[in-house]
Amino acid sequence: MSEKRYRGITRTRTQARAEPAGAGSAAAHGPSWGSWPSREALTRVGVPRGRIVLDHTMIAALSVLVVTSCYISGAFDGWYAPLPPLGLGLCVAAALRYHHTTLDHRLAASLGLLAVITLCGLGAYAAGASTSATVIWIVVSVMAMERLPLPVGLVTVAVLVAGFVEADETGIRGAGITTVAVLLAGYSLRLDAEARGAGFQLLAQERLAREAEAASAALAERARIAREIHDVLAHSLSAQMVHLEVARLQIEAGADRAEILKLVTSARSMAREGLAETRHALSALRGDMAPVEDYLRELAREDRAEVDVTGERRDLPAEASQAVRRVAQEALTNVRKHAPGARTRIRLAYGTDEISLEIRDSGPLRTDEAARVEEELGSSGSGYGLLGMRERAELLGGSLDAGPEGAGFTVRLRVPA
């Protein structure tokens, strides 16, 4: 099925949901015995080409039969000869309009159009063309059973039964057979159309579900990228704050100009590295990243921390790798802020179905100068570092524990990988 026709079905479904309450909206609330067939069932979208050709052939054959029977009856000679084709044209126009009124679930208009076709059959019967009248009434009955609410269709057939009895030469027996055939044919066509319509409803729902899933995935990806950029910049700015705060303290203490310049230069370098790290984070999200243990060693070099790696090394999912990197960054930043000069040990362990990271420091140095630096630096930053690390771990189905241990502080991360 072409995309254009498929979108037409989707638009039809949307229109059905927008209709006001009443007979026309019954299908939108689910099929019931007294409801209209679904809008998808009333369209011709999805009908096989062979079926369409067969339907057109049958309509043409019935049209020829009606007109021929009228002329054979001898009632349309002379000035009345144009009436059968004109009457047939009126019936065809009414049938085409009936297709649209039933598609819009307009009951009164639909019944009026069926009445017009029925009156054409009555005129043929009055003129003596009983066969033409019977064919027209059969077509009206089948149309009512196929496209109207089922109770209305049954009432329509019941009204026309009198015509079948009167027009059929075999009397009640022949009329009964005709009525049963009409009911079976009309209801079979109705079931076939509703089955096709249900298939299109499921197809439209599946498409909407896929669109919603794609939109959700896009939002999740944007949130993930935003989280990565936030974490990278937060770490970078926090580290810069630490160096600048130390520089301020040294200026107040009258430290050597070269030491102060070194800290300022380092802060500037961190700003540059933060921008580069942002670009690296986006690349890492796409799977283009260095092994996590190499990154940890590079990160630990500045703080002279020890790095131990155990387990069978393997490639990690992008999100798990990023979690390890960001937690390590935040933990080392906290060591600089709260325990400057402390010895730090980083342990990375590859498990069977998870990866764990432990960062432990020996605690702050117990000197007056170190205590003053810790007090000043400990007040810098937002205070949301541990919370952000824990949220990141929980989003991946892992856990993060952080707290004092001995004289120092320990951060433990576990994430599935």
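Structure first, text after, so check above.
Residues numbered from 1 in each chain as written. Predicted model: local features only at pLDDT ≥ 70, side-chain atom pairs only at ≥ 80, totals over all residues. Heavy atoms only, no water.

*Asks:* So what exactly am I meant to see when it comes to the overall build of the protein here?
*Replies:* Scanning the protein from N- to C-terminus turns up 13 helices and 5 strands. Within the protein, the fraction of its 417 residues that count as buried is 40%. The contacts of the protein with a sequence gap of at least 6 include a subset with a gap of at least 24, amounting to 70%. (Helix = DSSP H or I, 4+ residues; strand = E, 2+ residues; numbered from the N terminus. Buried < 20%, exposed > 50% of the residue type's maximum accessible area, 1.4 Å probe, protein only. Contact = heavy atoms within 4.5 Å.)

*Asks:* Explanation requested: the side chain of arginine 147 in the structure shown.
*Replies:* Mapped onto the fold, arginine 147 is located in helix H6 (residues 130-147). Put simply, arginine 147 is tucked away with no salt bridge, and the nearest opposite charge, on glutamate 146, sits 5.1 Å away. Within the structure, arginine 147 has its side chain in polar contact with the side chain of threonine 102 (distance 2.9 Å). Those residues in contact with arginine 147 that lie beyond four places of it in its chain are Trp36, Pro37, Leu42, Tyr98, His99, Thr102, Leu103 and Arg190. (Lys, Arg positive; Asp, Glu negative; His and termini not counted. Salt bridge = Lys/Arg side-chain N within 4 Å of Asp/Glu carboxyl O. Polar contact = N/O pair within 3.5 Å; in protein donor to acceptor, adjacent residues only side chain to side chain.)

*Asks:* How should I be thinking about the sheet that holds strand S5 (residues 408-416) in this particular structure?
*Replies:* Two orientations exist for strands paired in a sheet by backbone hydrogen bonds: parallel and antiparallel. One open sheet holds the 5 strands; their spatial order is S1-S2-S3-S5-S4, and the pairing between them is mixed. The sheet is open, and its two borders are formed by strand S1 (306-310) and strand S4 (399-405), each paired with just one other strand. For this sheet, the mean angle separating the axes of adjacent strands, direction not counted, is 10°. Sheet topology note: the S1/strand S2 (residues 344-350) ladder contains 5 bridges and is parallel. Following the sheet pairing, glutamate 306 is matched in S2 by arginine 345. This element, helix H10 (residues 292-303), spans S1, S2 and strand S3 (354-361) of the sheet and lies at about 180° to S2. Sitting on the sheet, helix H11 (residues 318-338) touches S2, S3, S4 and S5, and the angle it makes with S3 is about 5°. (Pairing = 2+ DSSP bridges. Axes fitted to C-alpha atoms, helices over the stretch in contact; angles between N-to-C directions.)

*Asks:* What's the story with the packing of helix H3 (residues 49-72) against H6 in this structure? I'm lost.
*Replies:* Helix-helix packing: each pair is described by the crossing angle between the helix axes and the interaxial distance. Contact geometry of H3 with H6 gives a least axis separation of 8 Å together with a crossing angle of 150°. Relative to H6, the element H3 lies roughly antiparallel. Read as a crossing pair, H3 and H6 show a hand that is left-handed. Contacts between H3 and H6 involve Leu62, Leu65, Val66, Ser69 and Cys70 on the former and, on the latter, Thr131, Ser132, Val135, Ile136 and Val139. Of the residues that constitute the contact of H3 with H6, the class distribution is 7 nonpolar, 3 polar and no charged. (Parallel < 35°, antiparallel > 145°, perpendicular 65-115°, else oblique. Left-handed = near helix turned anticlockwise from the far one by under 90°. Nonpolar A, V, L, I, M, F, W, Y, C, P; charged D, E, K, R; others polar.)

*Asks:* Explanation requested: the layout of surface pockets in the structure shown.
*Replies:* One way to see where empty space is left: roll a probe the size of a water molecule over the atoms. Each pocket or cavity is described by its volume, and for the largest pocket that value is around 1,400 Å³. Lining the largest pocket are 45 residues, and of these Ile59, Leu62, Ala95, Val139 and Met143 lie nearest its centre. Broken down by secondary-structure element, the contributors of at least two residues to the lining of the largest pocket are helix H2 (39-42), H3, helix H4 (83-103), helix H5 (107-126), H6 and helix H8 (172-252). Looking at the lining of the largest pocket, the element that brings in the most residues is H4, giving 12 residues. In terms of residue class, the lining of the largest pocket is made up of 31 nonpolar, 7 polar and 7 charged. (1 Å grid on protein atoms, 1.4 Å probe; cavity = no way out; pocket = protein on both sides within 12 Å on 5 of 7 lines; lining within 4 Å. Points joined across faces, edges and corners; volume = space filled by probe spheres on them.)

That's the geometry; what it means functionally is another story.
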